[in-house]
Amino acid sequence: MLAACVLKQDDAGVRASILLGEADPLRLDQAPVLYVNGEKVEGVVSIDTLYRVIDRALVAAGQTPPPAPAPAAPAPAKPGN
């Protein structure tokens, strides 16, 4: 019975969505994807990498990037640990 149901399924919508995805001009191959002034940043990147990408975009736009943020202070130790 299950095989008969599977064979009767209309997969035209799925096939069409795959074709549309393959024609995607942004070519999003993985998540997350971020575009900064046209530069594609894929996957999980460090905050330092993200700052460098943003700074490059600012310089390209004739802006002066802000100073780098101070490193975060370590979290205080929990009592009893």
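Model, not experiment: these values are computed from the prediction.

Asker: Account for the pattern of salt bridges, with residues named and values stated.
Answerer: Per the counting criterion, the structure on display carries two salt bridges. The closest approach of N and O atoms between Arg-56 and Glu-39, which form a salt bridge, is 2.6 Å. In this pair, Arg-56 sits in helix H3 (residues 47-60) while Glu-39 sits in strand E2 (residues 39-42), placing the two residues 17 residues apart along the sequence. Here Glu-39 falls in the partly exposed class, since its relative accessible area comes to 29%. Residues Lys-40 and Glu-42 are paired through a salt bridge, measuring 3.7 Å at the closest nitrogen-oxygen approach.

Asker: Report on unusual backbone geometry, specifying residues and quantitative values.
Answerer: Negative phi values dominate among residues other than glycine, just as trans dominates among peptide bonds. Although it is not a glycine, Asn-37 adopts a positive phi angle of roughly 50°. Positionally, Asn-37 belongs in the loop between strand E1 (33-36) and E2. Of the residues examined, Asn-37 reaches a relative accessible area of 61% and is grouped as exposed.

Asker: Report on the pairing of E2, specifying residues and quantitative values.
Answerer: The pairing of E1 with E2 spans four bridges and is antiparallel. Residue pairing in the sheet places Val-36 in a bridge with Glu-39 of E2. Between E1 and E2, which pair antiparallel and follow one another directly, the connecting turn spans two residues, one of which, Asn-37, has a positive phi of 50°.

About the criteria used
- Residues numbered from 1 in each chain as written.
- Predicted model: local features only at pLDDT ≥ 70, side-chain atom pairs only at ≥ 80, totals over all residues.
- Heavy atoms only, no water.
- Salt bridge = Lys/Arg side-chain N within 4 Å of Asp/Glu carboxyl O.
- Helix = DSSP H or I, 4+ residues; strand = E, 2+ residues; numbered from the N terminus.
- Buried < 20%, exposed > 50% of the residue type's maximum accessible area, 1.4 Å probe, protein only.
- Pairing = 2+ DSSP bridges.

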